Amino acid sequence: MIFWVLVVALFLRLPFLSSSLWLDEAIQALALQGRMGPLLTYALADFQPPLYHFVLKIWTNYLGYSEHILRLPSLLFGLGTIYLVYLIAKLLSNSKTALIAAILATTNPLLIYYSTEGRTYALTAFLVTASFYFFFRKNLVFFAITTASYLWTSYLSWFLALALGFYLLVTKNWRYLFTLIISALTLVFWLPSLH
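Note that this is a predicted model, so its numbers are computed, not measured. (Residues numbered from 1 in each chain as written. Predicted model: local features only at pLDDT ≥ 70, side-chain atom pairs only at ≥ 80, totals over all residues. Heavy atoms only, no water.)

## Side note on the overall build of the protein chain
Along the protein chain, the regular secondary structure elements total 11 helices and zero strands. For the protein chain, whose C-alpha radius of gyration is 17 Å, the value lies close to the compact-globule estimate of 16 Å for 195 residues. Projected onto its principal axes, the C-alpha positions of the protein chain cover 50 × 45 × 25 Å. When the 195 residues of the protein chain are sorted by exposure, 44% land in the buried category. Carbon and sulfur atoms make up 75% of the accessible area of the protein chain, which totals about 10,500 Å². If you average the places of the 11 positive and of the 5 negative side-chain charges in the protein chain, the two averages end up 20 Å apart. (Helix = DSSP H or I, 4+ residues; strand = E, 2+ residues; numbered from the N terminus. Rg over C-alpha atoms; globule rule 2.2 N^0.38 Å. Buried < 20%, exposed > 50% of the residue type's maximum accessible area, 1.4 Å probe, protein only. Areas by Shrake-Rupley, 256 points an atom, 1.4 Å probe, with all protein chains shown as cover. Lys, Arg positive; Asp, Glu negative; His and termini not counted. Charge placed at Lys NZ, Arg CZ, Asp CG, Glu CD.)

## Section: helix H4 (residues 51-63)
In this model H4 runs 19 Å from its N-terminal to its C-terminal C-alpha over 13 residues, within 8% of the 18 Å that 1.5 Å per residue would give. Tyr52, His53, Leu56 and Thr60 are the residues of H4 that are buried. In a view along the axis of H4, the buried residues occupy a sector of 90 degrees, so they form one face of it. Exposed side chains of H4 directed beyond 90 degrees from the buried face belong to Ile58 and Tyr62. Looking at the buried positions of H4, the neighbouring elements they touch are helix H2 (23-32), helix H3 (39-45), helix H5 (67-92) and helix H8 (121-136). Of the residues one or two after H4, Gly64 is the one with positive phi, at around 100 degrees. (Expected span 1.5 Å × (residues − 1). Arc of directions from axis to C-beta. Contact = heavy atoms within 4.5 Å.)

## Some points on the packing of H4 against H5
Here H4 crosses H5 at 125 degrees, and the two axes come no closer than 9 Å. By the angle class used here, H4 and H5 are oblique. Between H4 and H5 the crossing geometry is right-handed. The segment H4 lies against H5, with Tyr52, Val55, Leu56, Trp59, Thr60 and Leu63 engaging Ile69, Leu70, Leu72, Pro73, Ser74, Leu76 and Phe77. (Axes fitted to C-alpha atoms, helices over the stretch in contact; angles between N-to-C directions. Parallel < 35°, antiparallel > 145°, perpendicular 65-115°, else oblique. Left-handed = near helix turned anticlockwise from the far one by under 90°.)

## What about unusual backbone geometry?
Even without glycine at this site, Lys138 takes up a positive phi of about 60 degrees. By secondary structure assignment, the location of Lys138 is in the loop between H8 and helix H9 (140-151). Despite not being glycine, Lys172 has its phi angle at roughly 55 degrees, a positive value. With respect to the helices and strands, the residue Lys172 is situated in the loop between helix H10 (157-170) and helix H11 (174-185).

## Focus: the nonpolar core
Proteins that are soluble and globular tend to have nonpolar side chains buried together. Ranked by size, the top nonpolar core spans 47 residues in total, and within it Tyr150 and Leu168 carry the most contacts. Residue contributions to this core peak at 10 residues, all from H5. Ignoring anything within four residues of it in the chain, the contact list for Leu168 reads Phe135, Asn173, Tyr176, Leu177 and Leu180. (Core = buried A, V, L, I, M, F, W, Y, C linked by side-chain atoms within 4.5 Å.)

## A word on the side chain of Glu117
Mapped onto the secondary structure, Glu117 falls in the loop between helix H7 (109-114) and H8. Polar contacts involving the side chain of Glu117 include one to the side chain of Trp22, which spans 3.0 Å. Beyond its immediate sequence surroundings of up to four residues, Glu117 is in contact with Trp22, Glu25, Arg71 and Ser74. (Polar contact = N/O pair within 3.5 Å; in protein donor to acceptor, adjacent residues only side chain to side chain.)

## Things to note about a nonpolar patch on the surface
Taken together, Phe178, Ile181, Ile182, Leu185, Val188 and Leu191 make up a surface patch of nonpolar side chains, about 550 Å² in accessible area. Assignment of secondary structure puts Ile181 in helix H11. (Patch = residues over 30% accessible without salt bridge, like charges linked within 9 Å, V, L, I, M, F, W, Y side chains within 5 Å. Salt bridge = Lys/Arg side-chain N within 4 Å of Asp/Glu carboxyl O.)

## A closer look at H10
End to end, H10 covers 20 Å across 14 residues, agreeing with the expected 20 Å (1.5 Å per residue, within 8%). Among all positions in H10, only Ser157, Ala161, Leu164, Gly165 and Leu168 are buried. When H10 is viewed along its axis, its buried side chains cluster within an angular range of 105 degrees and face the same direction. In H10, those exposed residues whose orientation departs by more than 90 degrees from the buried face are Phe159, Leu162, Phe166 and Val170. The inward-facing, buried residues of H10 abut H8, H9 and H11. Lys172, located one to two residues past H10, shows a positive phi value of around 55 degrees.

Now the structure itself:
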């Protein structure tokens, strides 16, 4: 059944992939093509950490810079988020609840919008959801990887990490708190860019 939910999610998002790039997306495309200097220089000036820029750079090196190509990773991350929401709900409850959760994620206007935009938001949602999935699955290694990744994708996700850290402290979940701290410490290399 989740397959059909994902098919519906795809069809709800496809019509928006072909609209013209808006300003931030167009600037991103120019930066990826090297028209704004080295990508790292652009990433340092952007208002988000650099992971998405580098993911998209690898993507566009092989597939080009059309509107569809620039937005396709967000579409894939958006569909991945829906599937992870389904898996989390199934893990914590049952298949019926999981299906309802997936349908709600499929029809959420904000998730639809960000799944069709060539910016970092769909990747951030995917990585945050993946991090929680691995937290609930008690998979420390993948929790660390996805947590560090979302911290390198969006500054807003740092607030989520702080809230999670507080929760882990209160519940005395020392292993996961230590892992969260180690994941956050990877940002030491990015902190000089915060001027």
